[in-house]
Amino acid sequence: MESKVAYDNDLNLKATELRLGLPGTDDREEQTLFSARNNKRPLPDTSKECGSKKKSDAQHVDNETAPPTKAQIVGWPPIRSYRKNNLQPKKSDQAEVAGIYVKVSMDGAPYLRKIDLGIYQGYPELLKALESMFKFTIGEYSEREGYKGSEYAPTYEDKDGDWMLVGDVPWDMFMSSCKRLRIMKGSEARGLGCGV
Amino acid sequence: MRKDRTGISQDDDRSPPADLRGAESSNKTRNCCGVGSVSGSTGPISMEFQAPCPDQVLENVLENVLQFLSSRRDRNAASLVCKSWWRVEALTRSDLYIGNCYSVSPRRAMSRFSRVQSVSIKGRPRFADFNLMPIDWGAHFTPWVTAMASAYPWLEKVYLKRMSVTDDDLALLAESFPSFKELVIVCCDGFSTSGLAIVASDCRQLKVLDLIESEVTDDDVDWIACFPESGATCLESLIFDCVECSINFDALESLVVRSPSLKKLRLNCNVSIGQLCRLIVRAPQLTHLGTGSYSSPDDAVPGEHASDLQSALSACKSLVCLSGFKEMLPDYLPAIYPVCANLTSLNFSYANIHSDQIISVIFHCHNLQVLWVLDSIRDEGLQAVASTCKDLRELRVFPLDARGDNEGPVSDVGLQAISEGCRKLRSILYFCQHMTNAAVIAMSRNCPDLEVFRLCIIALHSPDHVTGKPMDEGFGAIVMNCKKLTRLAVSGLLTDRAFGYIGKYGKLLRTLSVAFAGDSDMGLKYVLEGCPRLQKLEIRDSPFGDAALHSGLHHYYNMRFLWMSSCRLSPKGCQEIVRALPRLVVEVIKHDVAVCPDDTVDILYMYRSLEGPRDDAPKVVTILQ
C-alpha cells in the first residue's frame, strides 16, 4: 500500500524541517509541509482544509514550484494553550518573543483556533490569515463605517473586557491589549460598524 | 469463570441465574458470576438482581473486611468473585472513579454504589487540550452533579479533569453537600469567579480548593472575600494560579491568617512580591508555595524586597514544593536559595530566565525529586541537574518557543547527561528539536526505573541528527530495557519497525501517544496485537487505515479509548467496528461542518460504554450506529 521508504544519506535537514507561522514572518528559507525534496513516503495531510485533503500526491509534486505556504499545524507541538499563553514576552534581551497567543472564534464555527499575534506585521496580514483560517471574506475597513461588504466583522476583547472592532486602534496598541478575537456575523456585526 | 480480566461477560444473553437460596457460603461458583460489574475502568454489562442473601453473617464479615480495600483495581476484582461479594463491595466502596464520563451514566453508577464519599470524573480525551476537538464536544458535569445531589448527600470530595463545569453546577454542589471538603478541578472550563464565590461562601467545611490549569472567566467577583469572615477556616490547600483575576489582597491576607491548617498556597500573577512576603510571614507552616508572578513592577529600586523575602522564606521550614515564577525578576532569585536544600519539587516551567540563573538555583537543590523547567535551561543546565539532583524522579522540559524556529537549546546532550546523573528517574517529558538514538538508548540502560517516557521531537519526521537514521532503535531500547514502562509517547522519524518493538516488548504499556509516525497499517497492528495492557491510545497524522483498525477488535473492550485523527480511516471501516462491537461508542468528528468529502474520517474517537450513544453531542460529531 505504501511506497518504499528511501532515506537519503545526506538528508537535507534544514529543508525538511517543518516550521509554523505564516509566509513573510522571517527571512529564512521557507518550507512547505510536504517537502518533495526528500524521498519520504507521502505524509498524511495535516492541513485543516478539507478541500485539500489528499489521497493523491499532486500536492507533493507542486511543492517545488509552488509558492511556499506554511500551514499552521494545529495542536503541534502538544503544549496546552494555558502554558503557551503564560510565557510572556521578556523585557530582557530576548530577540524572539515567546508568542502572544489569543483565541479566535467565529460565530457558527465549531472549533476555536489559537493564533500568535506576534507573527503578524499589521492588520492586513492578520485579517488575511483570519480569512484563510475560517474561509470567509472580510469587507473593506473604514474608520467611519467599520467593515463593509461582508456579513462578518472581526472584533476583539480588550483588557478592560470591552468588545472592539479590529482596526480601530494602532497595531501595537492592539497587540498589547487584545485578549481574544471573535469574528461576528450578521446584524451584531453591522451594529458594531456604524454609529459607535 | 470469565476468561478476560475486564469482566465483559462472554455471553451477554445468558438469562439471570436461578434462585441462589442455599445454605452454603457464597463462594460456590454455580451461576453467581457471569454478570459484569460496573466499575470505573471496566465496562461490562450490569444486570439487576433481587435474589435474597444466602448468608447474612458472612456478608457482615465481608463488609468489615472489604472496607479496608482501597485500590479500585482490587475492588473491581473482588466484585467479580460472586454476587454476594459484588453487593458488599458496592456497599463499601467510598471512592468512585469514572475514567470516562460517557462510559457509564450517573444513574447506573449511583444505583450500584450508594455510599460514596468521593467522586473523580474525567471527560475529554487529552488531545482536546491541543485544540483538536470542537469547543462544545461535551463532558458536562451537570448531569453528574444533579444526580449526586440526591444520591450522595454526604459527599465530601470531587475531582474533575477535562470536564465542562458551569457556575450553576458549582452552586448546586455548594448547596447539596453540607460535608463537602475537597474540590479539585484540573483542565476544565465553563465556570467563572462567580461560581468560585459560591463555593467559598457556602462550603463551610472546605479544606481543599484546587484550580489547576483551568479556564476561569473573570466576572469581577471578589471571591476571595467570600470565604467566611470570622473564625478559623478548615483550609489546607488553596491553589488558584490559573485564575486570571485581580485579587483583593487584604481579603487574601486575612484569609491566610484565619487558616492555621493551610499547607498549600499557589497564588496567581496578581500578587506582587511585597504582598507575597506578607503572606509567607503569616503562613510559615506552608509546604507548597506558588509564588505567582514573582515580580515587583513598582520597585523603586529593583530587588528592594529581596532581603524581606529571603527572611520570610527562611522561616518556612517545611517548604518542599515551589512553583510560580511567571514573570520572574532575576533580582529576586537569590531569595529562594535558603529553601532550596529542602525542596523536593520545583516548577520553573514558566520562568523565562537565563540558563546561568537556573543553574545557580539548581546547585542548591540536592534533594529535588521533581523538576519542571523550560528548555532555556539548555544542555549545560541539564548537566548541572544531572550532577546535583541525584534523587530526581520526574523531569519535564518544556519548549520556551513553541513555534520551534530555533536550533534547540536542549538536545541529546542534555538527555544523555540526565540519564547518567539521575539514575532513579521514573518519569520524563522532554521537548527538543532533534535527538539521537544513542542518547535514548543510554537512558534506557541507565534509568531502569522509568515508567513514563515521553519524548517530543518538535521538528516533524526528524531522524537521528547524527546518523540520519530513524529513531526506531532508540524507542525500541526504551521498551525493551525499561521493564516498568507504562506510558510512552513517541516522535521523530519512525518506521513500522519501531512499532514492532513496542508490540514485542511493551507488555505493561497502558498509554501510548503517536504523532506523525509509522509507514503502514503494520505499525498499528503490531501495537494492537502486542500490547495486552493498552488502555489509552492516541494517534494523530499517521498512515494507519481501516485494516489496522480492525486488527484491534479483540482488544477494544479492554481499553478506555482510542483516538485517531488525520489518519487513513474511512467511514466504512469505522462502521464495521460498530457492527462488530456493539458496546463501543464510535464518534466520527469532522474538522469542518461545511466542505469535507464524506470518504474521509478526520477524527475517530471511540470508547466502550454501557449506555450507548450519548445525546449531547454537537453537530460536528457523528456517532456511528
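Small disclaimer: the values here were computed from a predicted structure and weren't measured.

Q: Any chance you could explain the overall build of chain B here in plain terms?
A: Within chain B one finds 20 helices and 23 strands. For chain B, buried positions account for 61% of its 625 residues.

Q: In this structure, what is going on with the sheet that holds strand β1 (residues 101-106) of chain A? I would like to understand it.
A: For sheets, the rule is that strands pair by backbone hydrogen bonds, running either parallel or antiparallel. All names here are of chain A. Strand order in the open sheet made by the five strands is β2-β1-β7-β5-β6, with mixed pairing throughout. Each having just a single partner strand, β2 (113-116) and β6 (163-165) make up the two edges of the open sheet. Strand-to-strand, the axes of this sheet are offset by a mean angle of 35°, without reference to chain direction. Relative to strand β7 (residues 180-185), strand β5 (residues 152-157) is paired through six bridges, and the arrangement is antiparallel. When the sheet's bridge partners are listed, Tyr152 is paired in β7 with Lys185. Sitting on the sheet, helix α4 (residues 123-134) is in contact with β1, β2, β5 and β7, with an inclination near 155° to β2.

Q: What is the right way to look at the pattern of salt bridges in this model?
A: Pairs may arise between side chains of opposite charge once their charged atoms sit close together. With the rule as written, the count across this model stands at 28 salt bridges over all chains. Between Glu538(B) and Arg126(B) there is a salt bridge; the shortest N-O distance is 2.7 Å. Placement of Glu538(B) in strand β19 (residues 536-540) and of Arg126(B) in the loop between β2 (118-122) and α5 (142-151) is noted, with a sequence separation of 412 residues between them. Under the relative-accessibility criterion, Arg126(B) is labelled buried at 16%. One salt bridge in this structure joins Glu394(B) and Arg396(B), with 3.0 Å as the shortest N-O distance. Taking the relative accessible area as the measure of exposure, Glu394(B) reaches 17% and is therefore buried. Here the residues in one salt-bridge network are Arg80(A), Asp129(B), Arg162(B) and Glu213(B), joined through shared partners.

Q: Help me understand the pairing of β7(A) in this model?
A: Within a regular strand, the side chains alternate between the two sheet faces. Where β1(A) lies against β7(A), four bridges are found, and the strand directions are parallel. For Lys103(A), the partnering residue across the bridge sits in β7(A) and is Arg180(A).

Q: Which parts of the structure should I look at to understand the packing of aromatic side chains?
A: A ring pair, where both rings are aromatic, is described by two values, the distance of the centres and the angle of the planes. Considering all chains together, one arrives at 24 aromatic pairs over all chains under this definition. Consider the rings of Trp171(A) and Phe174(A), whose centres lie 5.4 Å apart with planes at 40°: the pair is tilted. Taken together, the residues Trp171(A) and Phe174(A), both in helix α5 (residues 171-177) and three residues apart, mark about one turn of the helix. Residue classification places Phe174(A) among the buried residues on the basis of a relative accessible area of 0%. Measuring from ring centre to ring centre gives 5.6 Å for Phe561(B) and Tyr605(B), while their planes differ by 55°; the resulting arrangement is tilted. Remark: Tyr605(B) occurs in strand β22 (residues 603-608) and Phe561(B) occurs in strand β20 (residues 561-565); sequence separation between them is 44 residues. Across the pair, exposure class does not vary: Phe561(B) and Tyr605(B) are buried alike. Through a chain of ring-to-ring contacts, three or more aromatic side chains come together here, namely Tyr102(B), Phe127(B), Phe130(B), Trp137(B), Phe561(B), Trp563(B), Tyr605(B) and Tyr607(B).

Q: Would you mind showing me how to read the UniProt feature "domain: Transport inhibitor response" (unreviewed entry) in chain B here?
A: Annotation from UniProt places "domain: Transport inhibitor response" (unreviewed entry) at residues 115-160 of chain B. In residues 115-160 of chain B, the share of helix is 22% and the share of strand is 20%. The end C-alpha atoms are 19 Å apart.

Q: I tried to follow the side chain of Glu538(B) on my own but got confused; where do I start?
A: Among the residues examined, Glu538(B) registers a relative accessible area of 3% and is labelled buried. Aside from chain neighbours lying at most four places away, what touches Glu538(B) is Arg126(B), Phe127(B), Leu512(B), Ser513(B), Val514(B), Phe561(B) and Trp563(B).

Q: Before we go on, may I ask you to explain unusual backbone geometry in this structure?
A: Both trends apply: most residues other than glycine have a negative phi, and most peptide bonds are in trans. Of note, the bond from Trp76(A) into Pro77(A) is cis; its omega dihedral lies within 30 degrees of zero at -5°. For Pro77(A), the position within the fold is in the loop between α2 (58-62) and α3 (81-85). A positive phi is found at Asp220(B), a non-glycine position, where the angle reads about 65°. In this structure Asp220(B) comes out as exposed when scored by relative accessible area, which is 68%. The backbone of Phe516(B) shows a phi angle near 50°, a positive value even though the residue is not glycine. Relative to the helices and strands, Phe516(B) is located in the loop between β18 (511-515) and α18 (521-530). Using a relative accessible area of 2% as the deciding quantity, one classes Phe516(B) as buried.

Q: I'm lost on the environment of Ser293(B) in this one. Help?
A: Residues and elements named next belong to chain B. Within the secondary structure layout, Ser293 lies in the loop between β10 (288-290) and α10 (306-314). Measuring from C-alpha to C-alpha, the distance between Ser293 and Leu309 comes to 14 Å, with 16 residues separating the pair along the chain. Setting aside residues no more than four positions away along its own chain, Ser293 makes contact with Asn268, Cys269, Val271, Phe325, Lys326, Glu327 and Met328. Of the polar contacts made by the side chain of Ser293, one reaches the backbone oxygen of Cys269; its length is 3.4 Å.

Q: What is the right way to read the confidence of the model for chain A from this model?
A: Close inspection of predicted coordinates is inappropriate for parts of the model with low pLDDT. For chain A, the average pLDDT comes to 65, and 52% of its residues sit at 70 or higher. Here residues 89-97 of chain A scores under 50 on pLDDT; set against residues more than four positions off or in separate chains, the count is 11 contacts.

Q: Honestly, helix α13 (residues 378-388) of chain B in this entry has me stumped. Any pointers?
A: An α-helical turn contains 3.6 residues, so any two residues separated by three or four positions project in the same direction. Turning to α13(B), its buried residues number three or more, namely Asp379(B), Gly381(B), Leu382(B), Ala384(B), Val385(B), Ala386(B) and Thr388(B). For α13(B), the secondary structure elements touched by its buried residues are α12 (355-362), β13 (370-374), β14 (394-398), α14 (412-421) and β15 (427-432) of chain B.

Q: Any chance you could explain the confidence of the model for chain B here in plain terms?
A: Residues and elements named next belong to chain B. Of all residues in chain B, 89% attain a pLDDT of 70 or more, and the chain-wide mean is 90. Taken as a whole, residues 1-44 scores under 50 in pLDDT and shows 92 contacts with residues more than four places along the chain or in a different chain. Across the interface, the model reports ipTM at 0.83; the global pTM reads 0.77.

Q: What is the right way to read the UniProt feature "domain: COI1 F-box" (unreviewed entry) in chain B from this model?
A: Annotation from UniProt places "domain: COI1 F-box" (unreviewed entry) at residues 55-94 of chain B. When the span residues 55-94 of chain B is considered, its composition is 72% helix and 0% strand, and the gap between its end C-alpha atoms is 23 Å.

Q: I'm lost on the pairing of β19(B) in this one. Help?
A: Residues and elements named next belong to chain B. Of all five residues in β19, four are buried, a share of seventy percent or more. Relative to β19, β18 is paired through five bridges, and the arrangement is parallel. Its bridge partner being in β19, Ser513 is matched across the sheet by Glu538. What joins β18 to β19 is α18, and the crossover it makes is right-handed. Bridging between β19 and β20 involves five bridges; their strand directions are parallel. Counted as the bridge partner of Ile539 is Met564 from β20.

Q: Could you clarify how one ought to interpret a negative patch on the surface in this entry?
A: Judged by side-chain charge, Asp218(B), Asp219(B), Asp220(B) and Glu244(B) come together as a negatively charged surface patch. Note that Glu244(B) resides in the loop between β8 (237-239) and α8 (249-257).

How each quantity is defined
- Residues numbered from 1 in each chain as written.
- Chains lettered and ligands numbered in written order.
- Predicted model: local features only at pLDDT ≥ 70, side-chain atom pairs only at ≥ 80, totals over all residues.
- Heavy atoms only, no water.
- Helix = DSSP H or I, 4+ residues; strand = E, 2+ residues; numbered from the N terminus.
- Buried < 20%, exposed > 50% of the residue type's maximum accessible area, 1.4 Å probe, protein only.
- Pairing = 2+ DSSP bridges.
- Axes fitted to C-alpha atoms, helices over the stretch in contact; angles between N-to-C directions.
- Contact = heavy atoms within 4.5 Å.
- Salt bridge = Lys/Arg side-chain N within 4 Å of Asp/Glu carboxyl O.
- Phe/Tyr/Trp six-rings, centres within 6.5 Å; stacked < 30°, edge-to-face > 60°.
- UniProt positions renumbered as here; feature names shortened; annotations may be inferred.
- Polar contact = N/O pair within 3.5 Å; in protein donor to acceptor, adjacent residues only side chain to side chain.
- pLDDT = per-residue confidence, 0-100.
- Right-handed = clockwise from strand over helix to strand, strands pointing away.
- Patch = residues over 30% accessible without salt bridge, like charges linked within 9 Å, V, L, I, M, F, W, Y side chains within 5 Å.
- Areas by Shrake-Rupley, 256 points an atom, 1.4 Å probe, with all protein chains shown as cover.
- Lys, Arg positive; Asp, Glu negative; His and termini not counted.
- Charge placed at Lys NZ, Arg CZ, Asp CG, Glu CD.

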